Amino acid sequence: QVQLVESGGGLVQAGGSLIVSCTASTRTFDSYAMGWFRQAPGKERDFVAAISRGGSSANYGDSVLGRFLISRDNAKNTVYLQMNSLKPEDTAVYYCAAASGARARLLTEVEYWGRGTQVTVSS
């Protein structure tokens with residue numbers, strides 16, 4: 001059982017930047033692909049970004065490609081999401097996700113979820 005705890009959410013002005021982080025309570029953090037998903041009120045949970053177990057590769061949802069950057073520090077059991085050029089439509093609860101397989105891009109691949117952190121982008 002892996003616990004994921006997100007932090008760093010908050011209110012930011014459109015065009016601004018924010019970093020959210022997720023720390024995992026596991027001794028085998030480097031065995032998990034990690035990802036970020038988001039869910040706005042009344043909407044489905046969407047893929048945002050994912051990073052491989054060693055951090056050597058990453059994937060992004062089309063809506064955030066070029067604006068967001070995912071990274072991880074396996075020594076700290078932490079994955080980060082750097083969000084730049086934020087838009088009001090980025091407003092959502094951002095969820096950290098862990099997958100024991102090689103990918104964390106699909107909802108069906110996710111084994112563990114964090115409880116989420118709210119990101120609100122004002123216009």
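Up top you'll find the structure we're talking about.
Since this is a predicted model, take the numbers as computed values, not measurements.

## Digging into the overall build of the protein chain
Part 1: For the protein chain, the helix and strand inventory stands at 0 helices and 11 strands.
Part 2: Here the C-alpha radius of gyration of the protein chain, 13 Å, is about what a compact globule of 123 residues would show, namely 14 Å.
Part 3: Principal axes of the C-alpha set define a box for the protein chain whose edges measure 40 × 25 × 25 Å.
Part 4: Going through the 123 residues of the protein chain one by one, you find that 42% of them count as buried.
Part 5: As presented, the protein chain carries roughly 6,300 Å² of accessible surface, and 46% of it is formed by carbon and sulfur atoms.
Part 6: Side-chain charges of the protein chain comprise 12 positive and 10 negative groups, with the mean position of each set lying 3 Å from the other.

## Some remarks on the nonpolar core
Part 1: Counting 29 residues, the largest nonpolar core has Leu-4, Met-34, Trp-36, Val-79, Leu-81, Met-83 and Tyr-94 as its most contacted members.
Part 2: Those elements giving two or more residues to this core turn out to be β3 (18-24), β4 (33-39), β5 (46-51), β7 (68-73), β8 (78-83), β9 (92-99) and β11 (117-122).

## Overview of the environment of Ala-97
Part 1: Among the structural elements, Ala-97 can be located in strand β9.
Part 2: Leave out the neighbours within four places in its chain, and Ala-97 touches Leu-4, Ala-33, Met-34, Gly-35, Phe-37, Val-110, Tyr-112 and Trp-113.

Cut-off values and rules
Residues numbered from 1 in each chain as written. Predicted model: local features only at pLDDT ≥ 70, side-chain atom pairs only at ≥ 80, totals over all residues. Heavy atoms only, no water. Helix = DSSP H or I, 4+ residues; strand = E, 2+ residues; numbered from the N terminus. Rg over C-alpha atoms; globule rule 2.2 N^0.38 Å. Buried < 20%, exposed > 50% of the residue type's maximum accessible area, 1.4 Å probe, protein only. Areas by Shrake-Rupley, 256 points an atom, 1.4 Å probe, with all protein chains shown as cover. Lys, Arg positive; Asp, Glu negative; His and termini not counted. Charge placed at Lys NZ, Arg CZ, Asp CG, Glu CD. Core = buried A, V, L, I, M, F, W, Y, C linked by side-chain atoms within 4.5 Å. Contact = heavy atoms within 4.5 Å.

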